[in-house]
Amino acid sequence: MKESQPSAIYLKDYKVPPFLIDKTELTFELDEATTVVTSKLHMRRNPDSTENTAPLVLDGGEDVKLVAVAMDDYVLPSGEYQLVDNQLIITATADNFVLTCETLIEPQNNTRLEGLYRSSSMFCTQCEAEGFRHITYYLDRPDVMSVFTTRIIADATKYPVMLSNGNEISRELQEDGKTSVVWHDPFPKPAYLFALVSGNLEVKNDTFVTQSQREVKLQIFTEAHNIDKVDYAMEALKRSMRWDEDVYGREYDLDIFMIVAVDDFNMGAMENKGLNIFNSSCLLASPETTTDDTYLRVEAIVAHEYFHNWSGNRVTCRDWFQLSLKEGFTVFRDQSFSADMHSDTVKRVEDVSFLKTAQFAEDAGPMAHPVRPASFIEISNFYTLTVYEKGAEIVRMIHTLLGAENFRKGSDLYFERHDGQAVTCDDFVAAMQDASGVDLTQFKRWYSQAGTPQIRVTDEYDAQSQTYQLTLQQETPATPGQPTKLPLHIPVRLGLIDESGNALSVSSSGHVSDEHLLELTEAEQVFEFTQVATKPVPSLLRGFSAPVKLSYDYSSADLLLLLSSDQDGFNRWNAGQQLAVNELNTLIEQAVAGETLSLTSNLVEGFKSLLQDASLDPAMVALILNLPSQAYLSELAQVIHPNAIKQARQYLKKQIAESLQADFAQAYQQHQVTGQYQAEAKDIASRSLKNLALSYWLESGDDAAKQVVVAQFESADNMTDQFAALSIAVHHGHDKADDLLDAFYQQWQNEPLVVNKWLMLSASREQEDAIAKVTALMEHEAFDLKNPNKVRSLLGGFGQNIAAFHQVDGSGYQFLADQILVLDKRNPQIASRLCTPLTRWKKMAPELSVKMKAELERIMANELSKDVYEVISKSLA
Ligand code: B3K
Ligand code: ZN
């Protein structure tokens, strides 16, 4: 353990920066051994700061070597500055000055992938959140916005492409044979949006004409062998640009927009001004190598990063506690975009399902934090599902409470009022409130209160007076550091349906409609409806109008009615999920008690009618028939018994498969897609139901299905179908699973993104000797510890391997802990993310819980990065 442990920083301590940087001039002399970075910072004291004698404190990193520092033309002798804890401190400064720093870095040795580093043969950067300080000394905080000019000097035979933010203003050959390229970005920005790329890259060019008829040059750069896989991303980019104009009135501002794909990247992508950098897994797409899910992901991420140009770049965050200001809003924007491009309901179901599985688990665990955290040790740990997905739900609730028109007025006001500024979540809400007149004072508690609220609903119907009363009670459980909670302002969309499934038009506060928006603001509140002709079944929280856990005592008959008839497509899915969850929970109890499993409900009949209903969207049928995941059932459980959950799911799947064997075989044939592959909603829907049907069909034990799986694997002309067949074979114990896995690797060994899918599937395969298999895969030529995608595939796949990961002797946890310790020395961000499964130890069955805790303690006994230290120490607290 380190002698002094890392300490937290607090939102309440925020102070404006004592200095500002109006202009930043950077020169990079790129080199394979040592890269020289020279910065000229045009600085002045901040008139808004009260600390007018404060020393100048610039952030740096242990990997930045200071060669010289000068103030105006005066080179500071070593006695006139200090280097303490990676910061450069200069006590005597003028009010206005130019600070020149010469620093040396070694991008080729940068394994953290923050700052400037090498990926394959290129140089690239990642500066959010605090990567810029690994390039040179700077005021590396988002409220310091500066106009950047960047000169890149490199050997153009090796690095012909040299890119940075903004516009290229000059390119010349120097006397020493190197090429010097200068980029200028006219928009002031924080350092986290700085980017540089240099390498031998191919480019795909296109153009976009904005609503004010300006022509924007669009460029996507990749290594030569990937340039044939960027067409889809380019089209997605153009759709995003058009959508942001149509829906938000936001036009692109520079004359050029560039995207670069890199193979080694810690997360999905980065919205650097005018020069987005993408993990190649989130950009490249071709029918042969990319599944439907990934196509949709590429489109969503291209849109997300593009939308940041306004929600993030033109208006940015004052400090990192406000991260959700840009991330929550931008996720809401990309979700709405994808819904508009494909199916609204399918998109909502997918997003909510993810939120309820992963964000709810985070909100119930040791790392639970508000959407606007009050403190952190390492900001990289706060790029979380809470900040992103729950943050998006908050923006969605504002949209619901204000209505689309007022929401648009609010976003217009927000962009206009704060263009060029670094602002807070409160500023966002204030713009929404000012533009709409809707009071959001209580609503703002959503930003500061952690934990998932629970709403309990009871009702009463009086036939004589035809009145119906709903009582809603809300309660948010305690979370670390927040023992008591206040009532939130919660929008609850509601419809009432009669016993035949028809919508009831009823009156609430004098307003007659078949749908109402209830605004729950008290701990307990009663809502009354009149003109209710018959005893209704309530369809509550339509469209998942708030990120809460809602409970109402539905009978199976009620759920079947909602499943077949609810006017709200989302709630039909939800009713199906609830039926399956109820059945599974009974089976899990039976399994834990060591009883023989047996079904207790009529779920199978419900599923049968779904399969036979030709009027339904096949994508929705597939989503409903897809049983609640192991992870979701774990989130719902008080105590997690992984093997009982697995057993229950397998049993239910088999029962459904056997009962409906003929229906699945038929559905498989019926939903075949003919013609050329297209990543569009209709075909994706058919493929999803077809492949789901195939997995049930194989599970039913029908030999015919075995052959179909192999035939589909061999003849598929697209990765969705090929990989579906392979996964089905692997997870349903097909006797050819080994052969198919081998054939797949042989076929795709030169396509790293496909190989990653193979790694993940291989690691998640449940086998006796799974840990030994995964250990062997770490030595496989296809694996590389340096590449975050490969680490995520292999260790992420292993995490889903229930039998292997949750071995009763703790060997699965030990294996993961070993990998975390190795990775922490190389790449703390990736190591920290791998800790998540271990943080759930308190909820695990006792025999597993002790083993998990022991591994956390073992990790804790080492010298750790801030990243891993924060997660492990909070988990053990
Ligand atoms: N803003 C980046 C995330 C940066 C993460 C740094 N650890 C991608 C995005 O959300 O668009
Ligand atoms: Zn983002």
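Just so it is clear, the structure is predicted and the values come from calculations on it, not from any experiment.

**Focus: the nonpolar core**
Then, number 1: By size, the foremost hydrophobic cluster in this structure holds 278 residues, and its most contacted members are M43, L99, I398, F428, L625 and I656.
Then, number 2: Broken down by element, the residue count for this core peaks at 10 residues, all from helix 10 (residues 569-592).
Then, number 3: If we skip the residues at most four places from it in the chain, I398 touches F407, F428, V429, M432, L440, F443 and Y447.

**Side note on the site of ligand 1**
Then, number 1: Taken together, 13 residues surround ligand 1, and among them E128, A269, E271, E305 and Y388 come closest.
Then, number 2: In the environment of ligand 1, a nitrogen atom lies 2.6 Å from a nitrogen or oxygen atom belonging to the side chain of E128.
Then, number 3: One of the side-chain N or O atoms of Y388 is found 2.5 Å from an oxygen atom in ligand 1.
Then, number 4: Relative to its unbound accessible surface of 340 Å², ligand 1 loses 95% to contact with the protein.
Then, number 5: Elements with a contribution of two residues or more to the shell around ligand 1: strand 20 (269-270), helix 2 (292-307) and helix 3 (323-341).
Then, number 6: Grouping the amino acids of the shell around ligand 1 by side-chain chemistry returns 5 nonpolar, 3 polar and 5 charged.

**Section: the packing of aromatic side chains**
Two descriptors summarise a pair of aromatic rings, namely the distance from one centre to the other and the angle between the planes of the rings.
Then, number 1: Considering all chains together, one arrives at 44 aromatic pairs under this definition.
Then, number 2: Between the aromatic rings of Y192 and W320, the centroid separation amounts to 4.8 Å while the plane-to-plane angle is 70°, which identifies the pairing as edge-to-face. Taken together, the residues span a long stretch of sequence, with Y192 in the loop between strand 15 (179-189) and strand 16 (196-199) and W320 in the loop between strand 22 (316-317) and helix 3 at a distance of 128 residues.
Then, number 3: A residue is classified by how much of its surface remains accessible, and Y192, at 1% relative accessible area, is buried.

**Focus on the packing of helix 3 against helix 4 (residues 344-363)**
The axes of two packed helices give the description: the angle between them and the distance between them.
Then, number 1: Here helix 3 crosses helix 4 at 140°, and the two axes come no closer than 7 Å. Taken as axis vectors, helix 3 and helix 4 run oblique relative to one another. Here helix 3 and helix 4 pass one another in a crossing that is right-handed. The segment helix 3 lies against helix 4, with Q335, S338 and A339 engaging D344, K347 and D351.
Then, number 2: Partitioning the contact of helix 3 with helix 4 into residue classes produces 1 nonpolar, 2 polar and 3 charged.

**Topic: the coordination of the zinc ion (ligand 2)**
Then, number 1: Of the protein atoms, only H304 (NE2), H308 (NE2) and E327 (OE) coordinate the zinc ion (ligand 2), at distances of 1.9 to 2.1 Å.
Then, number 2: Donor residues binding the zinc ion (ligand 2) come from one chain and are separated in sequence as H-x3-H-x18-E.
Then, number 3: H304 sits in the buried class, given a relative accessible area of 7%.
Then, number 4: Owing to a relative accessible area of 0%, H308 belongs among the buried residues under this scheme.

**What about the UniProt feature "domain: Peptidase M1 membrane alanine aminopeptidase" (unreviewed entry) in the protein chain?**
Then, number 1: Within this numbering scheme, the UniProt entry marks residues 232-446 as carrying the feature "domain: Peptidase M1 membrane alanine aminopeptidase" (unreviewed entry).
Then, number 2: Annotation note: span residues 232-446, helix share 55%, strand share 9%, distance between end C-alpha atoms 37 Å.

**Notes on the sheet that holds strand 26 (residues 467-475)**
Then, number 1: Read across the open sheet, the 4 strands follow the order 31-26-25-33; overall the sheet is mixed. Every other strand in the sheet has two partners, leaving strand 31 (524-529) and strand 33 (549-552) as the edge strands with one partner each. When the angles between neighbouring strand axes are averaged without regard to direction, this sheet yields 20°.
Then, number 2: Direction of pairing for strand 26 relative to strand 31: antiparallel, over a ladder of 6 bridges. Directly across from T471, in strand 31, lies its bridge partner V526.

**With respect to the side chain of S539**
Then, number 1: Structurally, S539 is set in strand 32 (residues 537-540).
Then, number 2: Residue class for S539 comes out buried when judged on its relative accessible area of 1%.
Then, number 3: Separated by 2.9 Å, the side chains of S539 and R542 make a polar contact.
Then, number 4: Excluding anything up to four places from it in sequence, S539 contacts R493, L494, G495, Y554, L562, D566 and N571.

**Quick look at the UniProt feature "domain: Peptidase M1 alanyl aminopeptidase C-terminal" (unreviewed entry) in the protein chain**
Then, number 1: In the UniProt entry, the feature "domain: Peptidase M1 alanyl aminopeptidase C-terminal" (unreviewed entry) is given for residues 557-877.
Then, number 2: The span residues 557-877 is 72% helix and 0% strand, and its two end C-alpha atoms sit 45 Å from each other.

**Notes on the sheet that holds strand 8 (residues 87-90)**
For sheets, the rule is that strands pair by backbone hydrogen bonds, running either parallel or antiparallel.
Then, number 1: Spatially, the 3 strands line up as an open sheet ordered 4-8-7, and their pairing is antiparallel. If you trace the sheet from one side to the other, it starts and ends with strand 4 (56-59) and strand 7 (82-84), each paired once. Pairs of neighbouring strands in the sheet enclose a mean axial angle of 25°, with direction left out of account.
Then, number 2: Pairing of strand 4 with strand 8 involves 4 bridges; the strand directions are antiparallel. The residue of strand 8 that forms the bridge with L56 is I90.

Calculation notes
Residues numbered from 1 in each chain as written. Chains lettered and ligands numbered in written order. Predicted model: local features only at pLDDT ≥ 70, side-chain atom pairs only at ≥ 80, totals over all residues. Heavy atoms only, no water. Core = buried A, V, L, I, M, F, W, Y, C linked by side-chain atoms within 4.5 Å. Buried < 20%, exposed > 50% of the residue type's maximum accessible area, 1.4 Å probe, protein only. Helix = DSSP H or I, 4+ residues; strand = E, 2+ residues; numbered from the N terminus. Contact = heavy atoms within 4.5 Å. Near = heavy atom within 4 Å. Polar contact = N/O pair within 3.5 Å; in protein donor to acceptor, adjacent residues only side chain to side chain. Areas by Shrake-Rupley, 256 points an atom, 1.4 Å probe, with all protein chains shown as cover. Nonpolar A, V, L, I, M, F, W, Y, C, P; charged D, E, K, R; others polar. Phe/Tyr/Trp six-rings, centres within 6.5 Å; stacked < 30°, edge-to-face > 60°. Axes fitted to C-alpha atoms, helices over the stretch in contact; angles between N-to-C directions. Parallel < 35°, antiparallel > 145°, perpendicular 65-115°, else oblique. Left-handed = near helix turned anticlockwise from the far one by under 90°. Donors = N, O, S within 2.8 Å, 3.2 Å for Na, K, Ca; no water. UniProt positions renumbered as here; feature names shortened; annotations may be inferred. Pairing = 2+ DSSP bridges.

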